[in-house]
Amino acid sequence: MPVNVDIDEFGLWWIFLDIPIFCVIILVFYYWRFFQNKSALPHYMTMRFIILGVIIFTVMDTIFDLISCKMLSVSMQYFSVFYLSYNYVVFICSLLWFRLARRTLGYKKGPLVVGVWISIIMCVVLTVLYFLNIRDFCYQENGDIVLGPLDALWYVFEYLPILWTFVLAQTYFLDKRFLLLREKCFPLLVSAYLFLIFGFLQYLVDSFPVFEVGVTLAIMYLYQSLSNTLISVDELTDLKNRRQLFKDMSLKLIEKSNDTYLIIYDLNKFKDINDTYGHTEGDYALIAAASTMKEICQGRNAQAYRYGGDEFVILKELGPGENIDAFCADMMEAMHYKNLSMQKPYAVELSYGVVRFGDCPTGYLSDIIKLADQKMYAMKVVAHAMRR
């Protein structure tokens, strides 16, 4: 059963101000840190909007609690506008959280996206019902503002995107096809658990601003996780960098993942692109190759990295019925179609070398890369000879 504490009786009215103010100060600090970061990574932009939304939510929720505890008096006319605005702020924050999960994990289409659209439609329906009959949602009785029977529907639909975020992160974390995405899933999963735990505590102790604390902790944890991610991400291509590649390869070697394949790619005639069309076009060619690799790796238990210069690496774990040659052919075909869509005076062409971890005699990280590099340069020599 929920526990309602009489604020006036225990003299705890200051909690309604001190805790939210403390949370807002922390959130403003993290928003400033995100704002100072000039990274163009999509999840950084989304996080900025999430933090701004949570700051607004915290302020509005504090006002809502003060009104509920009769510590703040407001007319029904103003409260009806405030009530609708409050619910939409919560809903937008939930949508942004799901957007963060989608962008982080690369989830584009699926039943969870349909579920979010259902939430949006139902919130629009609730808004129409709200204007048709406000009394079913909130009304004034003996000078007190009372929430109506349909108020609970807002909580159901505005928090559904958070539930979908939890389901998405949990699914990716447990699915063996996405082992290389577990590092990305974990922060989202932890933040979703914080929402669930502190949301339940808010239900048990309805009179205290518990949920704001949970949301603030989730923001702090995600900030730390994204900061660690930034260290391991190449700024130009948005791929993982060499540092993260060595870390992931070391883990695979410790786990004795012999069926993991390393594919190293090199752009053919990249120097010619730079010399003829300029370094801006050279950067564009690198980004084009990187985006194609990200697309081809999506949902196939593969991870792309920028190794350095015009060299890239993909770590691929084969699933049942998969073939590494077919995967490499798909990559080359995708690059071909990318060239057609770019309509540039040059083509981004790739040479590659493939090595299975279990096929390297020594099993050393450096030897696996060296062996793949040798195979890649052998392919490059053949390609060069064919162009003559």
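Analysis parameters
- Residues numbered from 1 in each chain as written.
- Predicted model: local features only at pLDDT ≥ 70, side-chain atom pairs only at ≥ 80, totals over all residues.
- Heavy atoms only, no water.
- Helix = DSSP H or I, 4+ residues; strand = E, 2+ residues; numbered from the N terminus.
- Contact = heavy atoms within 4.5 Å.
- Areas by Shrake-Rupley, 256 points an atom, 1.4 Å probe, with all protein chains shown as cover.
- Salt bridge = Lys/Arg side-chain N within 4 Å of Asp/Glu carboxyl O.
- Buried < 20%, exposed > 50% of the residue type's maximum accessible area, 1.4 Å probe, protein only.
- Pairing = 2+ DSSP bridges.
- Axes fitted to C-alpha atoms, helices over the stretch in contact; angles between N-to-C directions.
- pLDDT = per-residue confidence, 0-100.
- Phe/Tyr/Trp six-rings, centres within 6.5 Å; stacked < 30°, edge-to-face > 60°.
- Lys NZ or Arg CZ within 6 Å of the ring centre and 35° of its normal.
- Expected span 1.5 Å × (residues − 1).

### Considerations on the overall build of the chain
Each helix and strand in the chain was counted, giving 14 helices and six strands. A sequence separation of at least 24 residues applies to 71% of the contacts in the chain between residues at least 6 apart. Within the structure as shown, the chain displays about 20,000 Å² of accessible surface, and the carbon and sulfur contribution to it stands at 63%.

### Focus on the pattern of salt bridges
Counted according to the given criterion, the structure contains eight salt bridges. In this structure, R306 and D234 form a salt bridge, with 3.4 Å as the shortest nitrogen-oxygen distance. With R306 in strand 4 (residues 302–308) and D234 in the loop between helix 9 (210–231) and helix 10 (242–254), the pair connects residues that are 72 residues apart, well separated along the chain. Each member of the pair R306 and D234 is classed as buried. The salt bridge partner of R356 is D359, with a shortest N-O separation of 3.0 Å. Its relative accessible area of 22% is what places R356 among the partly exposed residues.

### A short note on unusual backbone geometry
The phi dihedral of D238 is positive, around 65°, even though this residue is not glycine. In the Ramachandran plot, N301 falls in the positive-phi region, its phi being about 55° despite a non-glycine side chain.

### As for the sheet that holds strand 6 (residues 350–356)
What holds strands together in a sheet is hydrogen bonding between their backbones, with the strands either parallel or antiparallel. Judged by pairing direction, the sheet is antiparallel, and its four strands sit side by side in the order 4-5-3-6 without closing on themselves. The sheet terminates laterally at strand 4 and strand 6, the two strands that pair on one side only. Shown here is a sheet whose adjacent strand axes are inclined to one another by a mean of 20°, direction ignored. The strands touched by helix 10 are strand 3 (260–267), strand 4 and strand 5 (311–317); relative to strand 4, the strand with the most contacts, the crossing angle is about 130°. This element, helix 13 (residues 324–342), spans strand 3, strand 4, strand 5 and strand 6 of the sheet and lies at about 160° to strand 6.

### As for the confidence of the model for the chain
Scored by pLDDT, the chain comes out at a mean of 82, with 88% of its residues at no less than 70. When mean pLDDT is taken per element in the chain, strand 5 scores highest with 93 and helix 1 (residues 7–10) scores lowest with 45. Between residues 1–11, whose pLDDT stays under 50, and residues either more than four places distant or in other chains, the model counts 19 contacts.

### Things to note about the packing of aromatic side chains
If you walk through the whole model with that rule in mind, you get 19 aromatic pairs. Each ring, one from F29 and one from Y30, has its centre 5.4 Å from the other, and the planes form 75°; the classification is edge-to-face. Aromatic side chains Y88 and W154 sit 5.9 Å apart centroid to centroid with 65° between the ring planes, which places their arrangement in the edge-to-face category. In this pair, Y88 is assigned in helix 4 (residues 76–105) and W154 in helix 6 (residues 151–158), connecting sequence segments 66 residues apart. By relative accessible area, which is 27% here, Y88 ends up partly exposed. Residue W154 is classed as buried on the basis of its relative accessible area of 0%. By the ring-pair criterion, three or more aromatic residues cluster together here, those being F57, F79, F82, Y83, Y86, W97, Y130, F131, Y159, F195 and F211. The positively charged end of R242 is found above the aromatic ring belonging to Y307, 4.2 Å away from the centroid. Its guanidinium or amino end placed over the ring of Y284, K344 lies 4.4 Å from that ring's centre, counting from NZ or CZ.

### Topic: helix 7 (residues 160–174)
Between its first and last C-alpha, helix 7 extends 21 Å over 15 residues, near the 21 Å set by a 1.5 Å rise per residue. Along helix 7, the positions that sit buried rather than exposed are L160, P161, I162, W164, T165, F166, L168, A169, Q170 and Y172. For helix 7, the secondary structure elements touched by its buried residues are helix 4, helix 5 (111–132), helix 6 and helix 8 (182–204).

### Topic: the pairing of strand 3
Within strand 3, eight of the eight residues are buried, leaving the element largely enclosed by the surrounding structure. A two-sided burial pattern is seen for strand 3, the buried positions comprising T260, L262, I264 and D266 on one face and Y261, I263, Y265 and L267 on the other. As defined by bridge partners, strand 3 adjoins strand 5 across seven bridges and the pair is classed as antiparallel. Following the sheet pairing, T260 is matched in strand 5 by E317. Bridge count between strand 3 and strand 6: seven bridges; the pairing is antiparallel. Bridge assignment links D266 to a residue of strand 6, and that residue is S351.

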